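# Residue-level structure breakdown
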Amino acid sequence: MHVSRFIALATVNNPAKKKYLYAFNIIPMKSMDPAELVKQPQDVTENPYKRPGKDKADAQKATFGATEEEEPAHQFFFDLSRKQGGGSRGRGRKRPSDGARWGGDQQQDGDRPKQPRRHPQPSGPCWFCLASPQVEKHLVISIGTHCYLALAKGALTPRHMLILPIGHYQSVVELGSEVVEEMEKYKSALRSFYKSKGDRCVLFERNYRSQHLQLQVVPVPLDCCATEDIKEAFMVQAQEQQMELMEIPEHTDLKQIAPPGTPYFYVELDSGEKLFYRIQKHFPLQFGREVLASEAVLNIPTRADWRECKQTREEEDEACKQLRDDFQPFDFAWED
Ligand SMILES: [Zn+2]
C-alpha cells in the first residue's frame, strides 16, 4: 500500500524561529507509477488511523449493533465522488480493502491499466504469494481455492506446516469470508491428520513485521503434554518477557479485537481456546516457536530458531513427498 508523509511545521513567525514553511513538488497519485507509489521508505510506521472500508463498517455493525453510517472517506488526491465502476470493470465491485490500498477508484481511471485487481498487491517481492516467482513451490503440500498448505521452512518438527492465503493478505483479520472458510477447512483437516498421528494441533500467527499471512500449524504429541500445559507455557513465557497474553472467548472473531493494521500475536489451542497479545513496541519474532520448543512443551530448545533447522533442498523434497502422501486422505482439495 502507499504511504502518507507527515511533516510537522511550527506556527508562522514563531519566536523560536523554527521552520514554518516547507516547499515541495507533488505528483498526483493517479499519475504515478503504481510501483513507485507503493515504495516504502526506511522509517515507515503503521497507519495510526482506521482505514475507511465497507467491510469494517459492516463488521462493526454486526458486532456492536451500531446503526451509524461510517463517515465518507476524506481524501485529497483524487475525487471519490467520481462514479464507481463503469462497464465490466465495475462488475462485482472490488473488495473495499483493495480500494483502501490502491487509493479508491484510481484503478478505474481512464489512464490507468485496466486490469482488474482481485487481491491487494505486495509492495515488493513476496515469498508467500503463490503466484510470485519467489515462492518455494517444492514446499507446497496442498492447494485449495483460496488457501494453500506448505511445509514450514526450517520446520520445528517434521509435520510443522503453514496455512497461507494464495493472494496477498497480511493477516487473518484482513481476509474475506470465503478465504476464512477455507482456512478453517484446512485447520480441521490438519487437526484430523495430526490426531491420526497421535498429535494435538497448535496454531499461531504473528501479524508483526511480516507481509504475508502465515498461520503456523505445529503438532504436539498427545502424550507429551496436555493442552493446559501448552497454554500455561505460553502464559508463563509471555509473562517473563513482560507481555500479557489475553485469553479470548472461543468464538470471538479476531476482527472484533484487532482491526486491520493492528500488530498482534495469537495462539489457538486444540481445545479451541485462543490467546491474544496486542503487540506494543517490540516482539520476539520467534516467540511461538520458542514456547513450543521449550522444555515445557516439545523439549527441543535448540530448534527454537528456524535458521538452525534449515534442511537441504533434497531433504525438503523428501520431507514434502512424504507429507503429501500422508496428508492426502485428509486433503479436501484433492477430492475436488
Ligand atoms: Zn504475498
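The structure we're discussing is the one just above.
Everything in this summary refers to the structure shown in the same document.

Reading guide: rules and limits
- Residues numbered from 1 in each chain as written.
- Predicted model: local features only at pLDDT ≥ 70, side-chain atom pairs only at ≥ 80, totals over all residues.
- Heavy atoms only, no water.
- Helix = DSSP H or I, 4+ residues; strand = E, 2+ residues; numbered from the N terminus.
- Buried < 20%, exposed > 50% of the residue type's maximum accessible area, 1.4 Å probe, protein only.
- Contact = heavy atoms within 4.5 Å.
- Areas by Shrake-Rupley, 256 points an atom, 1.4 Å probe, with all protein chains shown as cover.
- Core = buried A, V, L, I, M, F, W, Y, C linked by side-chain atoms within 4.5 Å.
- Pairing = 2+ DSSP bridges.
- Donors = N, O, S within 2.8 Å, 3.2 Å for Na, K, Ca; no water.
- Patch = residues over 30% accessible without salt bridge, like charges linked within 9 Å, V, L, I, M, F, W, Y side chains within 5 Å.
- Salt bridge = Lys/Arg side-chain N within 4 Å of Asp/Glu carboxyl O.
- Phe/Tyr/Trp six-rings, centres within 6.5 Å; stacked < 30°, edge-to-face > 60°.
- Polar contact = N/O pair within 3.5 Å; in protein donor to acceptor, adjacent residues only side chain to side chain.
- Lys, Arg positive; Asp, Glu negative; His and termini not counted.

## Remarks on the overall build of the protein
Counting secondary structure elements, the protein contains 9 helices and 8 strands. When burial is assessed residue by residue, the protein has 41% of its 336 residues classed as buried. Contacts spanning at least 24 positions in sequence make up 62% of the contacts within the protein whose residues lie at least 6 apart. With the model as given, the accessible surface of the protein reaches about 19700 Å², and the carbon-plus-sulfur share is 52%.

## Comments concerning the nonpolar core
Ile-163 and Leu-190 are the most contacted members of the largest nonpolar core, which has 43 residues in total. Considering each element in turn, this core owes the most residues, 7 residues, to helix α4 (residues 177–196). Residues within four places of Ile-163 in sequence aside, it is in contact with Cys-147, Tyr-148, Leu-149, Met-183, Tyr-186, Lys-187, Leu-190, Leu-213, Gln-214, Leu-215 and Val-217. Leu-156, Leu-269, Val-291 and Leu-298 belong to the second largest nonpolar core, which has 27 residues in total.

## Focus: the environment of Glu-308
Looking at the element boundaries, Glu-308 is found in the loop between α7 (287–293) and α8 (313–327). With 154 residues separating them in the primary sequence, Glu-308 and Gly-154 have C-alpha atoms 7.3 Å apart.

## As for the pairing of strand β5 (residues 215–221)
Summarising burial for β5: 6 of the 7 residues are buried, a large majority. Where strand β3 (residues 161–165) meets β5, 3 bridges bridge the pair, whose relative direction is antiparallel. Its bridge partner lying in β5, Met-161 is registered against Val-217. Across 6 bridges, the pairing between strand β4 (residues 199–207) and β5 is antiparallel. Residue pairing for β5: Cys-201 is matched across the bridge by Pro-219.

## Things to note about the coordination of the zinc ion
At 2.0 to 2.3 Å from the zinc ion lie its protein donor atoms, namely Cys-126 (SG), Cys-129 (SG), His-168 (ND1) and His-212 (ND1). All donor residues of the zinc ion come from one chain, and their arrangement in sequence is C-x2-C-x38-H-x43-H. Taken together, the residues Cys-129 in the loop between α3 (96–102) and β1 (140–143) and His-212 in the loop between β4 and β5 connect sequence positions 83 residues apart. Each member of the pair, Cys-129 as well as His-212, is classed as buried.

## Details of a nonpolar patch on the surface
Judged by side-chain polarity, Ile-7, Leu-9, Tyr-22, Phe-24 and Ile-26 come together as a nonpolar surface patch covering roughly 500 Å² of accessible area. Along the chain, Leu-9 turns up in the segment before α1 (34–37).

## What to know about the packing of aromatic side chains
Taken as a whole and judged by the stated rule, the model has 14 aromatic pairs. Centre to centre, the rings of Phe-193 and Phe-327 are 5.4 Å apart; their planes meet at 75 degrees, and the pair counts as edge-to-face. Highlighted residues: Phe-193 in helix α4 and Phe-327 in helix α8, separated in sequence by 134 residues. Overall, Phe-193 belongs to the buried group, its relative accessible area being 0%. Owing to a relative accessible area of 0%, Phe-327 belongs among the buried residues under this scheme.

## Quick notes on the environment of Leu-222
Looking at where Leu-222 falls in the secondary structure, it is placed in the loop between β5 and α5 (227–240). For Leu-222, a relative accessible area of 41% translates into the label partly exposed. Once the C-alpha coordinates of Leu-222 and Tyr-194 are considered, the two residues, 28 residues apart in sequence, prove to be 9.7 Å apart.

## Looking at the side chain of His-138
With respect to the helices, strands and loops of the structure, His-138 is situated in the loop between α3 and β1. Among the polar contacts listed, one links the side chain of His-138 to the side chain of Glu-316, at a separation of 2.7 Å. Apart from the residues within four sequence positions on either side, His-138 is in contact with Arg-313, Glu-316, Asp-317, Cys-320 and Arg-324.

## Quick word on the pattern of salt bridges
Where side chains of opposite charge bring their charged atoms close, a pairing between them can arise. Tallied over the full model, the rule gives 12 salt bridges. Between Glu-136 and Lys-153 there is a salt bridge whose closest N-O contact spans 3.1 Å. Residue Glu-136 is found in the loop between α3 and β1, and its partner Lys-153 is found in the loop between β2 (147–151) and β3; the two are separated by 17 residues along the sequence. Assessed through its relative accessible area of 27%, Lys-153 is described here as partly exposed. Here Glu-316 ties to Lys-153 by a salt bridge, and the two come within 2.9 Å at their closest N and O atoms.

## Things to note about the side chain of Lys-274
Inspection of the secondary structure puts Lys-274 in strand β8 (residues 274–278). As a buried residue without a salt bridge, Lys-274 has its nearest oppositely charged side chain in Glu-268, at a separation of 4.5 Å. If sequence neighbours within four positions are ignored, Lys-274 has contacts with Met-246, Glu-247, Ile-248, Glu-250, Thr-252, Tyr-266, Val-267 and Glu-268.

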